[in-house]
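# An overview of the molecular structure
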Amino acid sequence: MSVKKIAVLTSGGDAPGMNAAIRAVVRTCAYHNVEVLGVYRGYQGMIEGDFVELNARSVRDTINKGGTFLKSARSKEFRTPEGRKKAYENLKKSGADALIVIGGDGSFTGALLFNEEFNFPVMGIPGTIDNDIYGTSHTLGYDTALNTAVEAIDKIRDTASSHDRMFFIEVMGRDAGFIALNTGIGVGAERILIPEENTTAEELLADIEKGYAKGKTSNIIIVAEGDKSGKNVFQLKEYVESKHPGFDIRVAILGHMQRGGAPSCYDRVLASRMGVKAVETLLEGKSNYMVGVNNDVIDLTPLEKAIKGGSKLDMELVRVAEIMSV
C-alpha cells in the first residue's frame, strides 16, 4: 500500500483538541511529503465532495482553537450503501489513498464499515469529551472538559457556601460517568451520580440527610446526564424538596460549555502525538487502527476492538469519591 494523499475529517460531537489533531496530521504529512485533503462536515462532506487541499500553512494558529475548523455533522446518508459508495467515488476522484477519522465510536463504526466495503485504509483518532472509548486512557477533549467543569463548579460552590444552598449540577456523560466522577472528586462534591452505579433517589436522600446531621450546610451534587436516579436532574430536585421543603435547592446544567473553549495543554500535546502516529502508521502500510494513549505511551488498538471493547470506570476512583464525601 503506497500512500501519497491522506484525507482527514472530524465527525460526531466536537471536542477541544480536534483542531490540534488536524494540524498534527497536516504537518506530519508535510514532513513526509504527503498531500492532505481536508473533508468538511464529516461523512456528509465526503458524500458531497466538499474537500479542501491543506498544507502546513493552512493550519497555522489552530492549535489553540476549540471546536473544529473542518466542521462536523452526523450523516444519515452515510449509513446507506449508496451514500458510502458516493463517498468512496469522491475520495478516489480526489486522489486520496487513505482516511483519518477524528471522532468517537460511532464515527469509527462508519470508518470500519467503509474499509470493509471498499478496502480503503482508515485510521481513527479518539475525539470525544466523554472519554468512553476502549483502548485509550484519554480521548481528545476530555481533559479540557474536566477543567472547564471544575472551574464552573468552583464558582457555583462560592454561592452555595454563601447562602447554605444545595446545588444539583448536571455534567455531560449520557452513557458513561467519567466526567462526573473525576469532576466530582476534583471539586469536593458531597455526592456523585453516574450511570454505572444506579443510585436510587431514596439512597441519595439518605446520604443528604446524613450530611446535614453531620453539620453540612451546603451541598454540591454532581449528576451525569445519563444518571438513572430520576427522569432528569429537575425531578431529583423536586423529590428532595418534597421530603424537605426547607432546603434551598438550585439546579445548574453546564451543557455545551463543556465541549467548547481552548484545549488544555494536555489535549494539545496529546492531539499532536496522536496525529503523528496516525499518519506514520498509514505510511507503514497499516490500517484499521485507533491511536490511543496508555501509561503515557502512544499505541494502537484495532478499530473493531475500540468500538466493541467498552470502556470501564476506575473503581478505585469510585471508592475515593465515597471516602472523600464523609
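Computed from a predicted model, the values in this text were never measured in an experiment.

Time to look at the overall build of the protein chain. Across its full length, the protein chain carries 11 helices and 11 strands. Relative to its length of 326 residues, the protein chain is compact, with a C-alpha radius of gyration of 22 Å against a globular reference of 20 Å. Each of the three principal axes of the protein chain carries a C-alpha extent, and together these read 70 × 35 × 30 Å. Each of the 326 residues in the protein chain was classed as buried or not, and the buried ones make up 51%. Considering only intrachain contacts with a sequence separation of at least 6, the fraction spanning at least 24 residues in the protein chain is 75%. Charged side chains of the protein chain number 39 positive and 43 negative; the gap between the two group centres comes to 5 Å.

Secondary-structure assignment places R191 in strand β7 (residues 191-193). Excluding anything up to four places from it in sequence, R191 contacts T199, L204, D207, I220, I221 and I222.

Another aspect to go through is the pairing of strand β2 (residues 35-39). By the criterion of burial, β2 is predominantly enclosed, with four of the five residues buried. In terms of strand pairing, strand β1 (residues 5-10) meets β2 through four bridges, oriented parallel. Among the inter-strand pairings, V8 is bridged to a residue of β2, identified as G38. You can see the chain leave β1, run along helix α1 (residues 18-31) and come back into β2, and the turn it takes is right-handed. Where β2 and strand β3 (residues 51-54) come together, four bridges link them in antiparallel fashion. Residue pairing in the sheet places G38 in a bridge with V52 of β3.

So, on to the domain arrangement of the protein chain. Looking at the assigned domains, one finds that the protein chain contains domain 1 (5-141 + 263-309) and domain 2 (142-259). Summarising the inter-unit geometry, the C-alpha centres of domain 1 and domain 2 are found 34 Å apart. Tallying the contact residues gives 17 residues for domain 1 and 12 residues for domain 2. Buried area between domain 1 and domain 2, summed over both chains or domains, comes out near 1,100 Å², and the portion from carbon and sulfur atoms is 54%. For domain 1, the biggest contributors to the area lost against domain 2 are I129, D130 and N131; these three give 43% of the whole. Applying the counting rule to domain 1 against domain 2 returns one salt bridge. A salt bridge links R259 to D14, with the nearest nitrogen and oxygen atoms 3.1 Å apart. Taken together, the links from domain 1 to domain 2 amount to seven residue pairs in polar contact (both at pLDDT 80 or more). Of the residues assigned to the side of domain 1 that touches domain 2, the class counts are six nonpolar, seven polar and four charged.

To continue, consider the packing of aromatic side chains. One pass over the full model with this rule turns up seven aromatic pairs. Ring centres 6.2 Å apart and planes at 85° place the aromatic pair Y88 and F120 in the edge-to-face group. Separated by 32 residues along the polypeptide, Y88 in helix α3 (residues 81-94) and F120 in the loop between α4 (105-118) and β5 (122-126) bring together distant segments of the chain. Judged by its relative accessible area of 22%, Y88 falls in the partly exposed class.

As a further point, take the UniProt feature "binding site: ATP" (unreviewed entry) in the protein chain. Sites flagged by UniProt as "binding site: ATP" (unreviewed entry) map to G13, R74, S75, G104, D105, G106 and S107. For the residues just named, distributed over 95 residues, the greatest C-alpha separation is only 14.4 Å, placing them together at one site. Relative to the helices and strands, G13 resides in the loop between β1 and α1. Those residues within four positions of G13 in sequence are excluded, and the remaining contacts are M18, R74, G127 and R259. Tracing the backbone shows G106 in helix α4.

Before going further, it helps to spend a moment on the sheet that holds β7. Spatially, four strands are ordered β7-β8-β6-β9 in an open sheet, and the strand pairing comes out parallel. The outermost strands of the open sheet, each flanked by one partner alone, are β7 and β9 (249-253). Taken over all neighbouring pairs, the strand axes of this sheet differ in orientation by 20° on average, direction set aside. Sheet topology places β7 next to strand β8 (residues 219-224); three bridges connect them, and they run parallel. Looking at the pairing, L193 lines up with V223 of β8. Sitting on the sheet, helix α7 (residues 201-213) touches β6 (166-171), β7 and β8, and the angle it makes with β6 is about 140°.

Evaluation of the coordinates by the stated rule reveals 16 salt bridges. Here R41 ties to E48 by a salt bridge, and the two come within 2.7 Å at their closest N and O atoms. Taking the relative accessible area as the measure of exposure, E48 reaches 47% and is therefore partly exposed. Across the salt bridge formed by R41 and D50, the nearest N and O atoms sit 3.0 Å from each other. Through salt bridges with shared partners, a single network forms among R41, E48 and D50.

Conventions adopted
Residues numbered from 1 in each chain as written. Predicted model: local features only at pLDDT ≥ 70, side-chain atom pairs only at ≥ 80, totals over all residues. Heavy atoms only, no water. Helix = DSSP H or I, 4+ residues; strand = E, 2+ residues; numbered from the N terminus. Rg over C-alpha atoms; globule rule 2.2 N^0.38 Å. Buried < 20%, exposed > 50% of the residue type's maximum accessible area, 1.4 Å probe, protein only. Contact = heavy atoms within 4.5 Å. Lys, Arg positive; Asp, Glu negative; His and termini not counted. Charge placed at Lys NZ, Arg CZ, Asp CG, Glu CD. Pairing = 2+ DSSP bridges. Right-handed = clockwise from strand over helix to strand, strands pointing away. Domains from an automatic or database assignment. Buried area = accessible area lost by both parts, 1.4 Å probe. Salt bridge = Lys/Arg side-chain N within 4 Å of Asp/Glu carboxyl O. Polar contact = N/O pair within 3.5 Å; in protein donor to acceptor, adjacent residues only side chain to side chain. Nonpolar A, V, L, I, M, F, W, Y, C, P; charged D, E, K, R; others polar. Phe/Tyr/Trp six-rings, centres within 6.5 Å; stacked < 30°, edge-to-face > 60°. UniProt positions renumbered as here; feature names shortened; annotations may be inferred. Axes fitted to C-alpha atoms, helices over the stretch in contact; angles between N-to-C directions.

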